[in-house]
Amino acid sequence: LDSIRRLFEGIENGGHGDHGTTTTAFVPKILSLENCGIGPAICRQIGRGILNAYERNHNNIDGGVAVAVAVANTKSRRHNRPSILRMGGNYAIGDAGTVALAAALRLAMTTDNHDDAIGNHDTVLDELDLSSCNMGDAGAEALALALSSNPGCLLRLNLANNKISDVASKSLARALVEARYGSGVVFEEIILDNNVGIGDEGAVALAEAMAVGAVKSISVRSCGVKAEGCAAFGKALMELANSNRKQSFDKDDDDDDDDESSSSSTFRIDLSGNHFGTLKIKKKKGKASLIRDKASTNIKFIGKTLTSAAKRFGSETMGISADSDDDEEAIMGGLIEEDDEEGMDDANLQSCGGLAFAGEILSSSDGSNSSSSRKKGSARPLKINIGMRQCRLDNGAIDALSACIVGAKKDDCDIAVDVSMNSAEGNVVDALMKRGSAAKKDSRLLGSMARRHMDFLDRIADARQRQSEAADAAMGGGFFDEEEDDDLYGVGFDYDPYDDFD
C-alpha cells in the first residue's frame with residue numbers, strides 16, 4: 001500500500017530535481033491494476049498519494065516559492081507519476097473505492113486561483129478506468145462532483161459494466177456542462193457501456209452535454225436507449241454543426257487566415273447494442289424446439305377445428321360461451337397461438353431509433369439552415385462517427401441514415417455510420433462508413449438509398465394530408481352541406497344522403 005501511495009506522490013528513491021523537488025528514476029505512464037482483486041483500501045492510498053503531492057506544492061507557494069515555479073514543479077511531478085489508471089474488473093472497489101478516488105480528484109488543486117491566472121487547469125489523471133467495479137449511482141455522482149468542482153482534473157472516464165442509472169448519468173452530463181461553461185474544459189471521452197439502467201433520460205442529458213461541446217466522445221453501448229435518446233443525439237449533432245459554422249463565420253470576419261478554418265473537429269457517439277430498431281429477430285430452433293413446434297402445430301390444428309365447429313353449430317352446442325370471435329379466441333387460450341418472435345413487443349414496433357436520429361438531422365437540414373443563409377464552404381468540416389451495430393435496424397432505417405449522411409453535407413457535417421450486424425448488405429455497410437474521397441465511388445448507392453427514403457417521407461406526408469382533409473370534411477358536416485358536397489364529389493354531383501337508408 002505504501003508503494004502505491006509513494007508512486008502517486010512522485011517521491012520514489014531517486015535524484016533531486018530543481019527547487020528541492022525529488023524525481024523518480026522510472027515511473028510507468030500507464031498503471032494497470034485490472035482484475036487484481038483489489039478494493040477500497042488501494043483506492044484510498046492512491047487518493048492519499050495524489051493529495052500529498054498537491055498539498056506539498058501548495059505549501060511551497062505559501063512558503064514563498066513563485067507561482068510559476070510551483071506550477072512547473074506540479075507538472076514535473078505529474079510526469080513522475082502514472083497519468084492513466086486502469087482498475088477495471090475489481091468488483092470489490094464498489095462505491096466506497098470510487099468515492100475515495102473522486103475525493104482526491106476533487107481536492108487536488110495546486111492553489112485556489114493561480115490556474116485561472118495563467119489560463120491553465122492541471123490534469124490529475126488523463127484517464128481513469130473503473131469498468132466492472134460494482135459501482136452504483138453513489139460512486140458515479142461522486143465523480144460528477146469532482147468533474148464540476150475541479151474542471152480538467154480528468155480527461156477520459158470509463159464506467160462501463162456497472163450499475164449506473166439515469167440519475168447518475170444526468171449528474172455526469174450536468175458536471176460536464178458546468179465544466180465547459182465555467183472553465184472552458186472539453187472532456188475527451190466518457191464510456192457508459194452496459195449500464196442497463198441508463199435509458200432515454202440519461203441519453204438526452206448526455207446529448208445536451210455534447211450539443212454545447214462539453215464532450216467529444218460518448219459511448220452508451222448495450223444500455224436502454226430507445227428512439228427518444230437517439231433523436232436527442234441527432235438534434236445535438238445539428239446544434240454542434242450550427243455552433244461550428246457560426247464560430248467559423250465569426251473567425252472569417254475577424255481574420256482572413258485560412259489555416260484554422262482548414263482544421264476539423266471530430267465527435268463520436270456509439271449506440272451499438274441498443275435494440276431501438278424494428279427488425280424482427282426469429283429464434284434459432286434446435287431439435288427440442290422442432291419437436292415442440294410439431295406438437296404445437298398439431299394442437300393449433302385441433303384448436304382451429306374446434307373453433308370452426310363452434311362458429312358453424314353455435315357456441316352453446318359446443319359448450320362454449322362467447323359473445324364474439326375475439327372471446328372465442330380468448331377461451332381457446334394456448335390452443336391458438338401466433339408465431340413468437342424474440343425480443344419484439346408493441347413498444348419496439350411503434351418507434352425506430354434510427355429513423356428518429358435521421359429525422360432530427362434531416363429536419364434541421366431542411367429548416368433554418370437554408371443555402372441562402374450560409375456561406376458555402378466557409379465553415380470548418382465537422383467529422384462525426386456514429387456506431388449503430390446490432391441495433392435491429394431494418395432497411396427503412398438504413399435508408400434514412402443514408403439520407404441523413406447526404407443531407408448533413410449541406411451543413412458541413414461529414415457523418416460516418418457503422419450499421420454492421422443489422423439487415424444491411426456488406427456493400428451498404430461499407431458505403432455508410434466511408435468519408436471524403438473514399439466515399440465518392442459509393443455516392444451513387446447512398447444517393448439512391450437517400451432518394452428512396454425521401455420518396456417514402458413524401459408518401460407519408462401525402463397520406464397524412466389526405467387524412468387531415470378527410471377529418472376536416474367530416475368535422476365540418478360535409479355530407480349535409482351543399483358546398484362541402486361539391487368539394488367532395490364534384491360540382492353537379494347529385495347525392496342524397498338518405499338514399500342509403502331506403
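What you see is a predicted model; the values in this text were computed from it and never measured.

**Observations concerning the overall build of the protein**
Part 1 of the argument: For the protein, the count of helices and strands is 17 helices and 9 strands.
Part 2 of the argument: When the 502 residues of the protein are sorted by exposure, 44% land in the buried category.
Part 3 of the argument: Partitioning the intrachain contacts of the protein with sequence separation of at least 6 by distance along the chain shows that 84% fall at a separation of at least 24.

**Section: the pattern of salt bridges**
Part 1 of the argument: Here the structure, examined in full by the defined rule, presents 13 salt bridges.
Part 2 of the argument: In this structure, K170 engages E201 in a salt bridge whose closest nitrogen and oxygen atoms are separated by 3.3 Å. Pair noted here: K170 is in helix α7 (residues 166-183) and E201 is in helix α8 (residues 200-211), with a separation of 31 residues, a long-range link.
Part 3 of the argument: Looking at K170, the relative accessible area reads 31%, which means it is partly exposed.
Part 4 of the argument: Residue D270 pairs with R389 through a salt bridge whose shortest N-O separation is 3.0 Å. You can see D270 sitting in strand β7 (residues 265-270) and its partner R389 sitting in the loop between β8 (382-387) and α14 (395-408), a full 119 residues away along the chain.
Part 5 of the argument: Relative accessible area serves as the criterion here: at 3%, D270 is assigned to the buried category.
Part 6 of the argument: Of the residues examined, R389 reaches a relative accessible area of 21% and is grouped as partly exposed.

**A look at the sheet that holds strand β4 (residues 154-158)**
Part 1 of the argument: Taken in spatial order, the 9 strands of this open sheet run β1-β2-β3-β4-β5-β6-β7-β8-β9, and their pairing is parallel. Each edge of the sheet is formed by a strand with only one pairing partner; in this case those strands are β1 (30-32) and β9 (413-418). Along the sheet, successive strands turn relative to each other by an average axial angle of 10 degrees, direction set aside.
Part 2 of the argument: The pairing of strand β2 (residues 84-86) with strand β3 (residues 125-129) spans 3 bridges and is classified as parallel. From the neighbouring strand, I84 faces β3, where its bridge partner is E127.

**Some remarks on helix α4 (residues 94-107)**
Part 1 of the argument: Taking 1.5 Å per residue as the helical rise, α4 with its 14 residues ought to reach 20 Å, and the 21 Å between its terminal C-alpha atoms agrees with that figure.
Part 2 of the argument: Among all positions in α4, only G94, G97, T98, A100, L101, A102, A104 and L105 are buried.

**Describing a nonpolar patch on the surface**
Part 1 of the argument: Together, F456, L457 and I460 make up a nonpolar patch on the protein surface, roughly 220 Å² of accessible area in all.
Part 2 of the argument: Within the fold, L457 resides in helix α16 (residues 443-475).

**Notes on the pairing of β8**
Part 1 of the argument: Relative to β8, β7 is paired through 6 bridges, and the arrangement is parallel. What sits directly across from I269, in β8, is I386.
Part 2 of the argument: Inspection of the sheet shows β8 paired to β9 by 6 bridges, in the parallel sense. Bridging from a neighbouring strand, G387 pairs with D418 of β9.
Part 3 of the argument: Handedness of the β-α-β unit built from β8, α14 and β9 comes out right-handed.

**Remarks on the side chain of S171**
Part 1 of the argument: Relative to the assigned elements, S171 resides in helix α7.
Part 2 of the argument: By relative accessible area, S171 is classed as buried at 13%.
Part 3 of the argument: Ignoring any residue separated from it by four or fewer positions in sequence, one finds S171 in contact with E141 and A144.

**Some thoughts on helix α1 (residues 2-9)**
Part 1 of the argument: If you check which residues of α1 are buried, you get I4, R5, L7, F8 and E9.
Part 2 of the argument: Of the residues one or two after α1, G10 is the one with positive phi, at around 75 degrees.

**A closer look at the packing of α14 against α16**
Part 1 of the argument: Put simply, α14 and α16 touch, their axes get as near as 7 Å, and they point 110 degrees apart. Here α14 lies roughly perpendicular to α16, going by the angle between them. Considering the relative orientation of α14 and α16, their crossing is left-handed. Between α14 and α16, the residues in contact are G396, I398, D399, A400, S402, A403, I405 and V406 and L446, M449, A450, R452, H453 and M454, respectively.

**Quick word on unusual backbone geometry**
Part 1 of the argument: Even without a glycine there, the phi angle at N35 is positive, about 55 degrees.
Part 2 of the argument: Its location among the elements puts N35 in the loop between β1 and α2 (40-62).
Part 3 of the argument: Since its relative accessible area comes to 61%, N35 is described here as exposed.
Part 4 of the argument: For N194, which is not a glycine, the phi torsion comes out positive at approximately 60 degrees.
Part 5 of the argument: Tracing the backbone through its elements, the reader meets N194 in the loop between β5 (187-191) and α8.
Part 6 of the argument: Taking the relative accessible area as the measure of exposure, N194 reaches 35% and is therefore partly exposed.

**Description of the packing of α7 against α8**
Part 1 of the argument: The geometry of α7 relative to α8 is characterised by a closest axis approach of 8 Å and an angle of 5 degrees between their N-to-C directions. Between α7 and α8, the crossing angle belongs to the class labelled roughly parallel. When α7 is examined against α8, the residues D166, S169, K170, A173, L176 and V177 are found in contact with a partner set consisting of E201, G202, A205, L206 and A209.
Part 2 of the argument: For the contact of α7 with α8, the residue count by class is 6 nonpolar, 2 polar and 3 charged.

**Some remarks on the environment of V177**
Part 1 of the argument: In this fold, V177 is placed in helix α7.
Part 2 of the argument: In this structure, the C-alpha to C-alpha distance between V177 and A209, residues 32 residues apart in sequence, is 5.5 Å.
Part 3 of the argument: When neighbours within four sequence positions are excluded, V177 is seen to be in contact with A209, V212 and A214.

**Side note on the environment of A227**
Part 1 of the argument: Tracing the backbone shows A227 in helix α9 (residues 227-254).
Part 2 of the argument: Looking at A227, the relative accessible area reads 11%, which means it is buried.
Part 3 of the argument: Taking C-alpha positions, A227 is 8.4 Å from G277, a pair spaced 50 residues apart along the chain.

Rules used throughout
Residues numbered from 1 in each chain as written. Predicted model: local features only at pLDDT ≥ 70, side-chain atom pairs only at ≥ 80, totals over all residues. Heavy atoms only, no water. Helix = DSSP H or I, 4+ residues; strand = E, 2+ residues; numbered from the N terminus. Buried < 20%, exposed > 50% of the residue type's maximum accessible area, 1.4 Å probe, protein only. Contact = heavy atoms within 4.5 Å. Salt bridge = Lys/Arg side-chain N within 4 Å of Asp/Glu carboxyl O. Pairing = 2+ DSSP bridges. Axes fitted to C-alpha atoms, helices over the stretch in contact; angles between N-to-C directions. Expected span 1.5 Å × (residues − 1). Patch = residues over 30% accessible without salt bridge, like charges linked within 9 Å, V, L, I, M, F, W, Y side chains within 5 Å. Areas by Shrake-Rupley, 256 points an atom, 1.4 Å probe, with all protein chains shown as cover. Right-handed = clockwise from strand over helix to strand, strands pointing away. Parallel < 35°, antiparallel > 145°, perpendicular 65-115°, else oblique. Left-handed = near helix turned anticlockwise from the far one by under 90°. Nonpolar A, V, L, I, M, F, W, Y, C, P; charged D, E, K, R; others polar.

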